[in-house]
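# Commentary on secondary and tertiary structure
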Amino acid sequence: MNVKPITLVYTYDVDDDGSQYDTLPAFLLGEDRALYLSEGMLWAQVVRQSEGDPDIYVGSNEDAGVIIAEDVRGSAADVIPALIERWTSMTALEFIVRDLIAAPLLELGLTI
């Protein structure tokens, strides 16, 4: 899987203040998806490469973004590469059973 560290310029609209932006460290997955941390949440976002710098990508709240995890502790540089390595080392069935089914049950004190 093609993964590289990038700088994400995330633009968003605030009611009457017009457009604002944040610059965040992120990791590019493939050609147009990025993972980044913002306020303790891990996001997956559709991005596009800037015309001026190949290491800067742009995302906005107009594109669909997905919160993958909340209450994430640590920096993007520590959390995201480890997560990508874990995901790429498991099969789809392992991901479904361990991450989508078992993990929420374990948080509730239940097991499969």
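Source: prediction; values computed, not measured.

## Describing helix H2 (residues 92-107)
- In this model H2 runs 22 Å from its N-terminal to its C-terminal C-alpha over 16 residues, within 8% of the 22 Å that 1.5 Å per residue would give.
- Of all the bends in H2, the greatest reaches close to 30° and is centred on Ile101; the proline Pro104 follows between one and four positions later.
- Immediately beyond the C-terminal end of H2, within one or two residues, lies Gly109, with a positive phi of roughly 80°.

## Considerations on the layout of surface pockets
- Its volume calculated, the largest pocket comes out at about 230 Å³.
- The wall of the largest pocket is formed by Leu42, Ile68, Ala69, Val72, Val79, Leu83, Trp87, Phe95, Asp99 and Leu100.
- Of all the secondary structure elements, the ones that give two or more residues to the lining of the largest pocket are strand E7 (65-69), helix H1 (76-88) and H2.
- Of the residues in the lining of the largest pocket, the class split is nine nonpolar, no polar and one charged.
- Considering only enclosed or pocket space, the second largest pocket measures out at about 150 Å³ in volume.
- Lining the second largest pocket, in full, are Tyr10, Tyr12, Asp22, Leu24, Tyr36, Ser38, Glu39, Met41 and Trp43.
- Looking at the lining of the second largest pocket, the elements with two or more residues in it are strand E1 (3-14), strand E2 (18-29), strand E3 (33-38) and strand E4 (41-46).

Rules and cut-offs
- Each chain has its residues counted from 1, running along the sequence as written.
- Thresholds applied to this predicted model are a pLDDT of at least 70 for local features of residues and 80 or more for the giving and counting of side-chain atom pairs; totals over whole chains, interfaces and linings are not thresholded and use all residues.
- Side-chain descriptors were evaluated using all non-hydrogen atoms of the structure, hydrogens and water having been removed beforehand.
- In this description a helix means any DSSP run of H or I spanning at least four residues, a strand means any run of E spanning at least two, and both kinds are numbered starting from the N terminus.
- To estimate the expected span of a helix, count its residues, drop one, and scale the result by 1.5 Å.
- Note that the bend at a residue is defined as the angle between axes fitted to the seven residues ending at it and the seven residues starting at it.
- Lining residues are defined by having an atom within 4 Å of a point belonging to a cavity or pocket. Those points lie on a 1 Å grid over the protein atoms alone, cavities being sets where a 1.4 Å probe fits but cannot get out and pockets being open sets with protein on both sides within 12 Å along at least five of seven lines.
- Grid points are joined across faces, edges and corners, and a volume is the space filled by probe spheres set on the points.
- Each residue gets one label: Ala, Val, Leu, Ile, Met, Phe, Trp, Tyr, Cys and Pro are nonpolar, Asp, Glu, Lys and Arg are charged, and the others, such as Gly, are polar.

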